[in-house]
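Coordinate inspection notes
If you want the building blocks of each chain, they are given just below.
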Amino acid sequence: MKRFQLENSFFEGLNDTYLFAGDGPTTLVDTGVSTENTREQLADALAAEGIEFADLDQILLTHFHADHAGLAGELQAESGATVRCHPDDAPMVEHDADAEAAVQARHERLFDEWGMPDSAQEQLFGFLDGGEGLGGEDATVEPIEPGDVVRAGDERLEAMHLPGHTAGLTGFVREVDDGRELLSGDALLPEYTPNVGGADVRVEAALEKYLSTLASVEAAGFDRAHPGHRYPIEDPTARAREIIDHHRERTENVLEALAEHEPATPWQISAHLFGDLSNIHILHGPGEASAHLEHLGAHGLVERDGDRYRRTGQEPEIDPLFPDPQ
Ligand SMILES: [Zn+2]
Ligand SMILES: [Zn+2]
């Protein structure tokens, strides 16, 4: 397995793409964003391995976001490669008109519900429109289901569903000489925590799902993880617990914010947690605040009053909101 780091000027930072070559299907896991620059970088990186786009047999996608799936359609057109991802993310990779319209409608409704001011909505829609080309060409997608095992180069990869950041987020498990490793996409990242609640507004109970994902990663006891951004994670078990603890702390911060501002909208809670936001963070901040409020609501600690939230007065015992260490 080879890792390439591809430029991603739109969403900040670099994207990690993985190549599996050998006797079996020549396979990429994730592709990077659809820009001329990233495409050239990928072509150069593959050329150094003696591979051209036309040689690709298979493209496995961890999830539909443009910085992971952007070049899939174009690479498929050049190579005839099979593109596979989880069925929940497939319509977004295929740029299915109904699926995209549903997301657009949901954005419009949620941004109002979250209490996002008109000026911020304008800025955010402007930013999102500016990124439209990054999703690239339409791909034809074949589903990969949790537990499916596919050949990739000289290896076998097993799909593992890791929902939360997106509905269909899928990791790939590989056996190596010294253990088992997870290609984790954006489900497990070093340094920063993946957004939940804003990154895929189709996901219901996004935080609940993401916490279960982290618990499943913790329980699996992987020996290493290879994420969608940055560098390998040497202790995925500890990193999963660290992110659970981070969300626990954030939950406490949300309750503190409510104590000060209730009844409050997700936008107000977001402002308390994250301050002023720009670009994609205008979506991610209140999305994440909303996911926390929804999670607190499901456990009876907050209640909704129209588009605002307040504490219920129930003793804020937050242990039951988080998975126990595995
Ligand atoms: Zn993502
Ligand atoms: Zn990403």
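Shown above is the structure to which this text applies.
Below is a summary of the structure that appears in this document. Remember, predicted model here, so these are calculated numbers, not experimental data.

Helix and strand counts for the chain stand at 10 helices and 13 strands. The C-alpha radius of gyration computed for the chain amounts to 20 Å, which stays within 12% of the reference 20 Å derived for 326 residues, consistent with globular compactness. The principal-axis extents of the C-alpha atoms in the chain amount to approximately 60 × 45 × 30 Å. The 326 residues of the chain split such that 52% are buried. Counting contacts in the chain only where the partners sit at least 6 residues apart, residues at least 24 apart contribute 68% of the total. By element, 43% of the accessible surface of the chain is carried by carbon and sulfur atoms, the whole surface being about 13,700 Å². Side-chain charges in the chain split into 22 positive and 66 negative, and the spacing between the mean points of these groups amounts to 4 Å.

Here the focus is the pairing of strand β8 (residues 155-161). As defined by bridge partners, strand β7 (residues 149-152) adjoins β8 across 4 bridges and the pair is classed as antiparallel. By the bridge assignment, R151 is partnered in β8 with R156. The turn linking β7 back onto β8 is made up of 2 residues, and G153 within it adopts a positive phi angle of 55°. Summarising the sheet, β8 and strand β9 (residues 170-176) pair through 5 bridges and their orientation is antiparallel. Bridged to A159 within β9 is F172.

Attention now moves to the side chain of H165. Structurally, H165 is set in the loop between β8 and β9. A relative accessible area of 6% places H165 in the buried class. At 3.2 Å, the side chain of H165 forms a polar contact with the side chain of D186. Among the polar contacts made by the side chain of H165, one reaches the main-chain carbonyl oxygen of N195 at a distance of 2.8 Å. Setting aside its immediate chain neighbours within four residues, H165 contacts H63, H65, D186, P194, N195, V196, A199 and D200.

Cut-offs applied
Residues numbered from 1 in each chain as written. Chains lettered and ligands numbered in written order. Predicted model: local features only at pLDDT ≥ 70, side-chain atom pairs only at ≥ 80, totals over all residues. Heavy atoms only, no water. Helix = DSSP H or I, 4+ residues; strand = E, 2+ residues; numbered from the N terminus. Rg over C-alpha atoms; globule rule 2.2 N^0.38 Å. Buried < 20%, exposed > 50% of the residue type's maximum accessible area, 1.4 Å probe, protein only. Contact = heavy atoms within 4.5 Å. Areas by Shrake-Rupley, 256 points an atom, 1.4 Å probe, with all protein chains shown as cover. Lys, Arg positive; Asp, Glu negative; His and termini not counted. Charge placed at Lys NZ, Arg CZ, Asp CG, Glu CD. Pairing = 2+ DSSP bridges. Polar contact = N/O pair within 3.5 Å; in protein donor to acceptor, adjacent residues only side chain to side chain.

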